[in-house]
Amino acid sequence: AVVEEYVILGGSETWEVCIDVAQLLFWLFNMQLMLAITSGAINELWGGDSPAMKVVEINVKSLAKLLSHVTGFSAINAFGSIQQAFLSSSPVLAVLIVPFGFAAMTALFQIFDHVRERVSLSDDHAIDEYELKWDEETEESENDVAGLSLSFLTVQALRFAIGGTLPNVEGVESPATAQTHGFDHWGTLL
């Protein structure tokens, strides 16, 4: 709400897309960083002690779930705003956000994977159990981000193809449009 009120409000659609993509990059970066800290993978950088692996597993799994969902919703917002701004003229165009989003996230995830590997090998040229845990949980979180966002965007495009109206980024249609959907639309969705 703060970003919408003070940064996006009054800007163009392109400005909104840029801010939404910046938010996605912010959350992806912070997911990487927070999981690195929580997993104990970067404790050597500041001379910290290695925590017990059982504690690490519980903490990193909990934080990974939370951050993957926040980042997933940010991905929905970023790619949904692209869908709304540039691909909303037809259902065929609207569905193109799915392969575009997949390609963009795959590229970002590969970059982050390379960074994780470089960071993991930077201290002792070997990957220890904490660094391995960081990589595993982060990759699982990235999969959650992609699954959550791409499935939502697919459903948005399907709703557009079936009902004739692209719902907004949050999946909401205007009341007037929503009332026009009959049982044939509902049945097709199921």
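Residues numbered from 1 in each chain as written. Predicted model: local features only at pLDDT ≥ 70, side-chain atom pairs only at ≥ 80, totals over all residues. Heavy atoms only, no water.

### Here we look at helix H6 (residues 129–163)
- Relative to the 51 Å expected for 35 residues at 1.5 Å per residue, H6 spans 50 Å between its end C-alpha atoms, a close match to the ideal helical length.
- The backbone nitrogen of Tyr-130 lies 3.0 Å from a side-chain oxygen of the residue at the head of H6, namely Asp-128. (Helix = DSSP H or I, 4+ residues; strand = E, 2+ residues; numbered from the N terminus. Expected span 1.5 Å × (residues − 1). Polar contact = N/O pair within 3.5 Å; in protein donor to acceptor, adjacent residues only side chain to side chain.)

### Let's talk about a nonpolar patch on the surface
- Taken together, the side chains of Phe-29, Leu-33, Met-34, Ile-37, Leu-45 and Trp-46 define a hydrophobic patch exposed on the protein surface, amounting to about 580 Å² of accessible area.
- Position of Met-34 among the secondary structure elements: in helix H2 (residues 13–39). (Patch = residues over 30% accessible without salt bridge, like charges linked within 9 Å, V, L, I, M, F, W, Y side chains within 5 Å. Areas by Shrake-Rupley, 256 points an atom, 1.4 Å probe, with all protein chains shown as cover. Salt bridge = Lys/Arg side-chain N within 4 Å of Asp/Glu carboxyl O.)

### Notes on the side chain of Ser-68
- By the secondary structure assignment, Ser-68 is in helix H3 (residues 53–86).
- Using a relative accessible area of 1% as the deciding quantity, one classes Ser-68 as buried.
- Once residues within four sequence positions are removed from consideration, Ser-68 is found in contact with Met-31, Ser-141, Asp-144 and Val-145. (Buried < 20%, exposed > 50% of the residue type's maximum accessible area, 1.4 Å probe, protein only. Contact = heavy atoms within 4.5 Å.)

### Quick notes on the pattern of salt bridges
- The tally for this structure, following the rule as stated, stands at 8 salt bridges.
- Where Lys-133 meets Glu-137, a salt bridge forms, and the shortest distance between an N and an O atom there is 3.9 Å. In this pair, Lys-133 and Glu-137 are both assigned in helix H6, 4 residues apart and thus about one turn of the helix distant.
- Each of Asp-113, Arg-116, Asp-135, Glu-139 and Glu-142 takes part in salt bridges that share partners, so that together they form one network.

### With respect to helix H5 (residues 97–122)
- Between its first and last C-alpha, H5 extends 37 Å over 26 residues, near the 38 Å set by a 1.5 Å rise per residue.
- The complete set of buried residues in H5 reads Ile-97, Val-98, Gly-101, Met-105, Phe-109, Phe-112, Arg-116 and Ser-120.
- Elements that come into contact with the buried residues of H5 comprise H2, H3, helix H4 (91–95) and H6.

### Focus: the side chain of Thr-71
- Relative to the helices and strands, Thr-71 is located in helix H3.
- Overall, the relative accessible area of 0% leaves Thr-71 in the buried class.
- Within the local environment of Thr-71, its side chain forms a polar contact with the backbone oxygen of Leu-67, the two atoms lying 2.7 Å apart.
- Those residues in contact with Thr-71 that sit more than four places away from it in its chain are Leu-24, Trp-27, Leu-28, Met-31 and Val-145.

### Some thoughts on the nonpolar core
- Grouped together as the largest cluster of nonpolar side chains are 30 residues, with contacts concentrated most on Phe-79, Ile-97 and Met-105.
- Listed by contribution, the elements that provide at least two residues to this core are H2, H3, H5 and H6.
- If one sorts the elements of this core by residue count, H3 sits on top with 10 residues.
- Every residue in contact with Met-105, bar those within four places of it in the chain, is listed here: Ala-75, Phe-79, Val-145, Ala-146, Ser-149 and Leu-150. (Core = buried A, V, L, I, M, F, W, Y, C linked by side-chain atoms within 4.5 Å.)

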